[in-house]
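Chain residues, written in single-letter form:
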Amino acid sequence: MFRKFKKRTQKALNPIDENTTIKLPRKSELTTDVSVKSNASGSEENIPASQEHTQRFLSQHSAILAATLGRTQSSGRNALTQSRQPNNFFELVLIRSGVQLDQGDTLVLACDHVTIVAKLREIFTSAATYSDKVETFRIGLNAAMAPNSKLVQKLLTGCTVDAAGEEQIYQSQNSMFMNFLMIDFLRQPCLEVLLNRIEEVSTADRVLTGKATIALPLLPLMLAQLRYLTATHKEQVYQRIESIFNKATEPAKLDIIANAELVLDASKHDAFVDLLNMNYSNTMDLFNMTTVHTLSNLSLSDTTQAKLRRRILEFATNGDCSDTTLPHLIRLMLNSLKMDTDDSVRELVLILREIFNWRHKNYKDKGPPTASDKKSQLDLFGFVELGIIRSKRFYQIWQRAIAGLPANGFSSFDLIVLLLLIHVNEDNSLYIENIIRRRVKLEHITVNILEEVKLHYSHVLEQHISLLMHILHDFMREKNRIVSEFAKSSYSILFKIFSSIQKNILKKLLELTCDKSSPHLTTMALELLRELQRKSAKDVQNCGTLLLPMLDRLNDFTLTQTRVAMDLLCHIAFPDPKLSGCLQLQEQVDMVVKKQLINSTDHVKRQGIIGCVQLIDAMARIENEPVEQDDSLTSVENVDSLPDGRGKVAANFITRTEASIGNSSESLALFYEELATVFSQRYDGTLVCDLDNHFIAWACEVMTFRFQASFVSEELPETIKGIPLDYQLNINELDETNADTESAVLSIGINISKLVLSPKAKACDSIYVLAPLFNFVRVLNNHRHHYSLELINALLGCAIVLPTFFEDENYLTAFDNFEVDQQKDILNIYFHTVNWMRVTISAFASQRDSATRRRVLLRLGELIRIEQRIKPLLGKAPIDFVAPPYQFLTNVKHSVIHQKRQAGKAGAKANSTAIDPDVTGNQTTLADFTIKVGPSKAAKTKTDFEQMYGPGEKYRPMEVGIIMLLVEQKFVLNYPLESEQVGEFLGLLELRFLLEDMVQKLEAAVNGQQDSIDSDSLRPHLAKPEDFICDLLPCLLEVNNHLITLAGAIDEEVEKVKHVYSNLDLFRERVNYFRTCFGLCIRLFALYFAWSEWADKSQADLLHSKLIYIFLLFKVLINSFLESLYKLHPQDQWKRYEKKTIPQLATLAFEYFLKYEKSVLNLSTAVQLHRLLCSLLKVSSNQNNASQPICQQFEETRLLCDKLLRRKWFHYSGTLDKGAQCNIYLDELVKGFLKNSTYKGQNELLGELLKECSILNTKDKALSSFPNFKKANFPLLFRGLCEVLIHSLSAQLSVNNEGDRLKLWESTVGLLNGLLSVVQLVEQPRNFGLFLKHSQLFLKLLLQHGMSALESIVRDDPERLTNFLRELQKVTRFLHQLCCHSKSIKNTAIISYIPTLRETIETLVFRVKALLAANNCHSAFHMGNMINRDLHGDSIRTPVGSFGGEENSDEEIPADDTSVDETVLGEEMGITAVSIGTRPSDGSRSKSSSRSKCF
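Quick look at the structure, then. Keep in mind it's a predicted model, so treat the numbers as computed, not measured. (Residues numbered from 1 in each chain as written. Predicted model: local features only at pLDDT ≥ 70, side-chain atom pairs only at ≥ 80, totals over all residues. Heavy atoms only, no water.)

Strand pairing in a sheet takes place through backbone hydrogen bonds and is either antiparallel or parallel in direction. Reading across the sheet, the four strands line up as 7-9-10-8 and stay open at both edges, with mixed pairing between neighbours. Because the sheet does not close on itself, it has two edges, and the strands there are strand 7 (712–713) and strand 8 (725–728). Bridge count between strand 9 (residues 749–750) and strand 10 (residues 799–803): two bridges; the pairing is parallel. Each residue of the ladder has a partner; that of Ile750, found in strand 10, is Ile800. (Pairing = 2+ DSSP bridges. Helix = DSSP H or I, 4+ residues; strand = E, 2+ residues; numbered from the N terminus.)

Turning to the packing of helix 12 (residues 234–247) against helix 13 (residues 250–258), a few remarks are in order. Put simply, helix 12 and helix 13 touch, their axes get as near as 9 Å, and they point 150° apart. The orientation of helix 12 with respect to helix 13, classified from their angle, is roughly antiparallel. Of the two elements, helix 12 crosses helix 13, and the hand of that crossing is left-handed. On helix 13, the residues touching Ile241, Ile244 and Phe245 of helix 12 are Lys253, Ile256 and Ile257. Among the residues forming the contact of helix 12 with helix 13, the class breakdown is five nonpolar, no polar and one charged. (Axes fitted to C-alpha atoms, helices over the stretch in contact; angles between N-to-C directions. Parallel < 35°, antiparallel > 145°, perpendicular 65-115°, else oblique. Left-handed = near helix turned anticlockwise from the far one by under 90°. Contact = heavy atoms within 4.5 Å. Nonpolar A, V, L, I, M, F, W, Y, C, P; charged D, E, K, R; others polar.)

Pairing in this open sheet of four strands is mixed, and the strands run 1-2-3-4 from one edge to the other. Each of the sheet's edge strands pairs with one partner strand only, and the pair in question is strand 1 (99–100) and strand 4 (170–175).

Another aspect to go through is the environment of Ala537. Relative to the assigned elements, Ala537 resides in helix 31 (residues 537–542). Ignoring sequence-local partners within four residues, the contact set of Ala537 consists of Leu532 and Leu579.

Evaluated as defined, the whole model comprises 57 salt bridges. Salt-bridge contacts for Asp644 lead to Lys648; the nearest nitrogen and oxygen are separated by 3.2 Å. On the basis of relative accessible area, Asp644 is assigned to the exposed category, the value being 68%. By relative accessible area, which is 18% here, Lys648 ends up buried. (Salt bridge = Lys/Arg side-chain N within 4 Å of Asp/Glu carboxyl O. Buried < 20%, exposed > 50% of the residue type's maximum accessible area, 1.4 Å probe, protein only.)

Our next topic: unusual backbone geometry. The linkage connecting Tyr975 with the following residue, Pro976, adopts the cis geometry, with an omega of -10°. Note that Pro976 resides in the loop between helix 46 (963–968) and helix 47 (988–1007). A positive phi angle is found at Lys721, which is not glycine, with a value near 55°. Here Lys721 lies in the loop between strand 7 and strand 8. Positive phi, close to 55°, is recorded for Lys1058, a residue that is not glycine.

Relative to the helices and strands, Tyr1212 resides in the loop between helix 56 (1187–1205) and helix 57 (1220–1234). Considering only alpha carbons, one finds Tyr1212 and Arg1068, 144 residues apart in sequence, at a separation of 8.6 Å. Those residues in contact with Tyr1212 that lie beyond four places of it in its chain are Phe945, Glu946, Phe1067, Asn1072, Arg1075, Thr1076 and Asn1162. At a separation of 3.5 Å, a polar atom in the side chain of Tyr1212 contacts the side chain of Thr1076. (Polar contact = N/O pair within 3.5 Å; in protein donor to acceptor, adjacent residues only side chain to side chain.)

Here Asp1227 shows up in helix 57. Engagement of the side chain of Asp1227 in a polar contact is seen with the side chain of Arg1279, the distance being 3.0 Å. Among residues more than four places away in sequence, those in contact with Asp1227 are Leu1276 and Arg1279.

Now for helix 25 (residues 448–456). Of all nine residues in helix 25, seven are buried; the element is thus mostly enclosed. What helix 25 keeps buried is the set Asn448, Ile449, Leu450, Glu451, Glu452, Val453 and His456.

The alternating pattern of strand 3 (residues 158–161) places Gly158 and Thr160 and Cys159 and Val161 on opposite faces, both of which are buried. Sheet topology note: the strand 2 (residues 108–109)/strand 3 ladder contains two bridges and is parallel. Among the inter-strand pairings, Leu109 is bridged to a residue of strand 3, identified as Val161. Bridging between strand 3 and strand 4 involves three bridges; their strand directions are antiparallel. Note that in strand 4 the partner of Thr160 across the bridge is Gln171.

If you want it as structure tokens, here you go:
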């Protein structure tokens, strides 16, 4: 057969050329079946053994080639393939094994890898010279693995398998080199060759690649082969890799690092990390992406991971770590969760928080990095979320860590983590929501945190926004004002941040408006919707149709809520002309308003009036053309004369509404009042368009004529219903400024008496319409005549028809002589007179004409005098008398007494309190005006300095224009004013009146009104509180000047009496006015700086921008804070302060107001000063990053409270201050004094109290150090001490303290025993309950956090542990006695604590027992029974059967129940056992005594 084959193959063999290969095409069907059986041993026999290896190899060439061709032909689908001759024995072995060397860029195998390995093994094992062939093979392999060899890449990459009998050729991932390593006797030679070549390639000065068509780097391919030897040759491989790594180039090192996970055994991973740490001292070089990926996949010990965490912390906080690298570093650190130990996980949480907080602070200083993008942020928190999912311990420790953070430790990162915790485990959402709620209540979390989240974590927040929305939705329903306001502000911020959730926010707010369970919630949701519409008009406009369901809910709204809702809907339906209106909403609003106007129900009709007013306001605002100089003199005859457009439609709505009102004077008054309110809103950037000029001209003429026709009278006064009347209070006089005025104009008057006593049938002529209509006329004239009221200034000082007896000295006697109905009419006359004077003074107060200003001051003096004279009349008034209404928002749920036909249902409600009387209001315009007056006498009456108005004194609020009197009018310290000063200066009476009005308005604007009864009366005048805050800015400087003047006067009086605050000279009426006005100034500043917007970091840039002057307030209201700080200092220092930061300015203001402590003579003023300093401190701390100045200011505030508490406070009458309100003020000062108090300070205070508190047992005796505390109110001070003890302990436990941890518990137990001594010295029932409650909290903290400290000391210092437990025994013994005593006297307040206290002490007892047993000290523990004793130590004898059947009841205590909370250490620990527990005297033990009962 061999001869036949040789004859058939006539063609000569191709010459061998290593640089060329021959590829023969395959033929699918070959019938030739030729097989050459090659026998290696037979071939070897024909070659002399003395021949060289090379000659021997060449001699075998023909036989090998024949064998190869025979294998190829044996495949039915493969063509006959010719191959070059092998160059060495290595190639010969490969070819004999069925490997084609020259087929493309990979080796082609004739069979699978297993067969190839078997053939290789057979070739070597069948050879006679086994060892020589292995060496020859190694030499050939070494040559083939050379970097310049054509075979090196083929040997290291995957092979192509073209096996006989298989239909497909497939690519194998395994390399040929792997086949060599599968043979045990070839493994070591191949490894040596591979490691040598790795070293050669690693130290080359360039990256060496293979010779294939697609050249690949050789080093990664070589390193990949080592993965098959990781387990068997781990020591050898690591030693060589370590040596190579130290000599390798930087690119080669990265390749080694990238393959380290597969190349090195897991036991060598720690050593490799140490090698990296030694080679890369620079963290930036160490933590490149390749290294980080490799380190993330290594199996590292806890020690090595701790080293890496420290280096990662160093890298992440040095500013070099990019946002792209950080997620992978976090993933690397999360590998420590595999250990899942408390210490490692706790350290991991702390490091993660430190990294994120450092970057957060860095971003605050330098701004966010530009490399930050959505992908890296989501990857970052994705890894954190995976860690939380993977480790339950990680979840719990992080939750506990955030819950225990100190007050200023909560950051935006913690908020994101809490959202992740809820996302991972929604069952725990309620607990986490409570964590957030509690911190919001304590103001540890403010809306600024959302601004920080927006800056740093906006993408991940957007991913979990639904969770935050759910939390905020629950917070909106909170009764706590701080929490609900946080949710409200958060919604506003989120609406601006994410356009994707705007519709969702609107839907949730709409849902809240339909919540009938809470009117306050509905009001807040409506106000927030209106705020969003004003600030983001375009965005809300696009979602206008979502609010259509609100129209169906209108019938359930109060009138105040209706105003807000219709304001929102109307301005969406008819927006600024630049925006497209919502046609669907326009039709629905128009239809609803018209239906309401024709409704017969009074409440629905008034809703229609309010809705129509808002509709008129929205329609009448258009883009006006520039106004000519004389346009204000143009007139419009009627509605038909108006140009077509929205203004004309608005005018038609006015006539339609007046026609539908009919003869209802209250409804008409409401209509005019609402029109005045909406038209008085100034152009401030949120309202893009002003009112239509033609519309204003028409309305001004119509309303002015109507007022003149209805109320201006020239009739002679007459007696009506037996009440003599006369023209009075006429202060209009001719002078050079009004010489051309007709005398008839100066003699006009307002016949208020006739309007009350003889009312007319028409609604427009009713007395109730007088003030609202004039207010509307004033607003229209301001718009039309550029804030000049010259055309109507005669109304300021015109005469008023009043009863004649009122000016008599014995007017009280005359009043008693009238009948009951006459007395009611007289009081109604004077209430309407006061309201008329208030509206006119407010209207003309901003007119700068000197004659007009004089009349305003004269009218103000008359107003104050009349109000003071009314006070005694109210004391003699009929019981059923109710002041006439000054506003007409009648709430259906709160009806009032039916009065006369004209009065109808009034909206006045007797809801004023002893401290804050309901006399507030706000109108948002400042203007300019002009005539002259005669002086009037001031009648002296007894003055109430605590409150200016009583419950029955319901007057119309002054408008905001009254501020101009504070700004521009000079002030003198006189009471009363001299005759020549009247009309020229503000005196103490006038200053108090103005400050009282401003303070009440400011309080309503800043704090809001939670009482639904108050809301309807106050909110009409505070439609935009931010406007009022701006209006107050120009008067801050003058208020500060008045403050300086009053403080100087008070200091002078105090110096006269040599600082004896009880001296009667300090309680004279004039000095009392000093004190009152001084207190009002402080209160005004306190409220002003307490406005929540000052702390809004989102406005930080605007807050610090320089203001030119007062009129810039109309642009951005937040800017006013900066100037408000400037106003406190002289004008020549403004330039220097403009360069200071907001915290620095707040600090200056803090120091400025702190010096007024010596001028405070009233406890209420002292509390207001404290509030003012706290508000400034809050602004400073929110904007400041430096903690040192803040800590100093905190300490100064605490010392101030200390000084104030140690002073004796007196009432205006000279008596000691006491009562409920006094205790409220003292409680606030106590909390301020003890806040953040140190253990040393608490210990000193307790020592001071222990020396003095026994005196409290004497009747009417007070503490000498704190003279305002007697036995009755001593629990206020004691409660503060208990609370600060627990808070201090909790704060210390939240800090990761190392060292002597038992010292903290020893200090706390010492303080607790000090409180116990105080309780025993002053037997006050409230103190018992306070001590029991806070002692139980201490024991719970001891169980949670203190047992580990006891464990650490039990062997090292048993004496110390014994002393600690003995001190603790004193507390638990007293608690036992207190519970027994309370049970015996049926004190239910303390009995309710017994079940939980018993459980706590039981747990503590057995935890201590277990601790001693674990340390082989169980014999030192003795559990004894205690006799039930009262607080004085006497045994409590209870009949045995008295509590039968109640043995297991938590409410009743069995007679034989004993306490086992005492532990006594025995002699085993080197001490003497002293059994504090005592057994019953008869030596027996009750059967019911068990370890499950403590009492």
